[in-house]
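Each chain, letter by letter, is given below.
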Amino acid sequence: MQPFSGRAAVAGVGMTALSRESGRTELDLAVEACRAACADAGIGPRDVDALLSYHMNDSVPVVQVARALGIERLGWHNDLAGGGTQAASILGDAAMLIDAGLARNIVVYRALNGRSGRRMNTVSTGPQERFTYGLAGPIPLFALAATRYLHDTGLASEHLHAVVAQSRDNAKTNPRALRRRPLELDDYLAAPYVSTPLRTVDCCQETDGACALVISAALKGPRVHAVVRGGGPGCSSMDRSPDVTAIFSAYVAPMLWDASGLRPSDVDVALLYDAYSWLVPRQLEDFGLAERADLGAYLLERRHAWVNPHGGLLSEGYVHGLNNVAQAVRELRAGREVALVTGFGGSYGSAALLIA
């Protein structure tokens, strides 16, 4: 077991409303979410002694948030560079601080104007020469990997529709969700392509909003049981990989089961980073939650309805994955026992197990 296992509890959750145009600064959004998380945990901002965030030069530094919250004596603090890869592993950073005795109450937040401000779908995918081949942003890059994955597995448009449609079904009772209307197959097929095989509805929301967590050494809440981070050559570095479909889960899933002492059958709710629809079956397969040979039937029969019960990034909104972690906490408070949460960044990423 990892030394920090069970020592840190996620004691508070806070979110702003999610929108496509907040009309507010990232600082305003961050402060609102942090205050809500502290109130949910039953503490005041002055009880916070560490502050962590992650971003891609599209947010507000932790020292500014600390000042706005009225935290006069700030201890350990960090702005972590990165996006979706950090969504699960930032739990490990917080848990390690608690295990080391460096903090007792830590606030973790992610704030962005991801629709009205800096939009993720315009971010460069890497070296300039990639533009020669049309990979001008993350969607064409991961669409290329998706094409190969669908070929290898025999999955097709109706299977991607099943992922997106179930996401909508799960979101219909979630008042925070931006997309709650049912999506029939004909409507899915009529949606325009962004980059084949990915249609507009296969891609996660571009969202303005913020989410925050309180992670504590002393307060009650779901416990951080295991966290891993890693990766290898795959769809983030296609010229270096024997398998361009290999996303982060191909590398971190074995690490997670080794670190946790748990098995896939122990997980009763999965919060999978669904930036694109095809990532759901790939992660189900990699984490041992479904067999590759059974994926087609698994999706069409909607056996994946237990994944992202709030609608995920495809339907609730996109707060760079931290909103999925917040939902994991809600699910464990409501009676689930073991939650898997993941963070995607192409071939690199993270995963965590939370226990009630």
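None of the values given here were measured: they were computed from a predicted structure. (Residues numbered from 1 in each chain as written. Predicted model: local features only at pLDDT ≥ 70, side-chain atom pairs only at ≥ 80, totals over all residues. Heavy atoms only, no water.)

**Description of the packing of aromatic side chains**
Then comes step 1: In this structure the tally under the stated criterion is six aromatic pairs.
Then comes step 2: Ring plane angle 40° and centroid distance 5.7 Å describe the contact between F142 and Y276, whose orientation is recorded as tilted. Highlighted residues: F142 in helix α4 (residues 138-153) and Y276 in the loop between β9 (269-271) and α8 (279-286), separated in sequence by 134 residues.
Then comes step 3: By way of ring pairs, the aromatic residues F142, F248, Y273, Y276, Y318 and F344 are connected into one cluster. (Phe/Tyr/Trp six-rings, centres within 6.5 Å; stacked < 30°, edge-to-face > 60°. Helix = DSSP H or I, 4+ residues; strand = E, 2+ residues; numbered from the N terminus.)

**Here's the deal with the pairing of strand β2 (residues 50-55)**
Then comes step 1: With six of its six residues buried, β2 lies for the most part within the structure.
Then comes step 2: Here β2 shows two buried faces, one formed by A50, L52 and Y54 and the other by L51, S53 and H55.
Then comes step 3: Here four bridges tie β2 to strand β4 (residues 105-113), and the two strands are oriented parallel to one another. Residue pairing in the sheet places L52 in a bridge with V108 of β4.
Then comes step 4: Here β2 pairs with strand β3 (residues 77-81) via five bridges, running parallel. Looking at the pairing, L51 lines up with H77 of β3.
Then comes step 5: A crossover connection joins β2 to the parallel β3 through helix α2 (residues 62-69); in handedness this β-α-β unit is right-handed. (Buried < 20%, exposed > 50% of the residue type's maximum accessible area, 1.4 Å probe, protein only. Pairing = 2+ DSSP bridges. Right-handed = clockwise from strand over helix to strand, strands pointing away.)

**Quick word on the confidence of the model for the protein**
Close reading of the predicted structure is inappropriate where its pLDDT is low.
Then comes step 1: This prediction gives the protein a mean pLDDT of 94; 95% of its residues lie at or above 70.
Then comes step 2: Taken as a whole, residues 128-132 scores under 50 in pLDDT and shows seven contacts with residues more than four places along the chain or in a different chain. (pLDDT = per-residue confidence, 0-100. Contact = heavy atoms within 4.5 Å.)

**Points about the environment of E301**
Then comes step 1: With respect to the secondary-structure elements, E301 resides in the loop between α9 (295-300) and α10 (312-315).
Then comes step 2: Residues E301 and H159 lie 142 residues apart in sequence; the distance between their C-alpha atoms is 9.9 Å.

**Brief notes about the environment of E184**
Then comes step 1: Secondary-structure assignment places E184 in the loop between α5 (157-171) and α6 (185-190).
Then comes step 2: Residue E184 is classed as exposed on the basis of its relative accessible area, which comes to 51%.
Then comes step 3: For the pair formed by E184 and K172, sequence separation is twelve residues and the distance between their alpha carbons is 14 Å.

**Points about empty space enclosed by the protein**
Then comes step 1: On inspection of all chains with the given rule, the structure shows one cavity of 30 Å³ or more.
Then comes step 2: Taken together, V163, Q166, S167, N170, D274, V280, H304, V307, N308 and L314 make up the full set of residues lining the largest cavity.
Then comes step 3: The dominant element in the lining of the largest cavity, judged by the number of residues it contributes, is α5, at four residues.
Then comes step 4: The class makeup of the residues in the lining of the largest cavity is four nonpolar, five polar and one charged. (1 Å grid on protein atoms, 1.4 Å probe; cavity = no way out; pocket = protein on both sides within 12 Å on 5 of 7 lines; lining within 4 Å. Points joined across faces, edges and corners; volume = space filled by probe spheres on them. Nonpolar A, V, L, I, M, F, W, Y, C, P; charged D, E, K, R; others polar.)

**Overview of the nonpolar core**
Then comes step 1: Of all hydrophobic cores here, the largest spans 97 residues; its most connected members are L91, Y276, W278 and F287.
Then comes step 2: Excluding residues within four positions of it along the chain, L91 makes contact with V10, L213, I215, V224, V227, V325, V341, A352 and L354.
Then comes step 3: Counting residues in each nonpolar core, the second largest holds 24 residues, with L29, A41, L51 and V62 among its members. (Core = buried A, V, L, I, M, F, W, Y, C linked by side-chain atoms within 4.5 Å.)

**Quick notes on helix α3 (residues 86-99)**
Then comes step 1: With 14 residues, α3 extends 19 Å from end C-alpha to end C-alpha; this agrees with the ideal 20 Å at 1.5 Å per step.
Then comes step 2: Among the 14 residues that make up α3, eleven are buried, leaving the element largely enclosed by the rest of the structure.
Then comes step 3: Along α3, the residues classified as buried are Q86, A87, A88, S89, I90, L91, G92, A94, A95, L97 and I98.
Then comes step 4: The first or second residue beyond α3 is G101, which carries a positive phi of 75°. (Expected span 1.5 Å × (residues − 1).)

**Things to note about the pairing of strand β7 (residues 208-216)**
Then comes step 1: Counting buried positions over the nine residues of β7 gives nine, a clear majority of the element.
Then comes step 2: Side chains D208, A210, A212, V214 and S216 of β7 all project onto a buried face; the interleaved residues G209, C211, L213 and I215 project onto the opposite face, where all are buried too.
Then comes step 3: Relative to β7, strand β1 (residues 9-15) runs antiparallel, the two sharing six bridges. Within β7, the position partnered with A9 by the bridge is S216.

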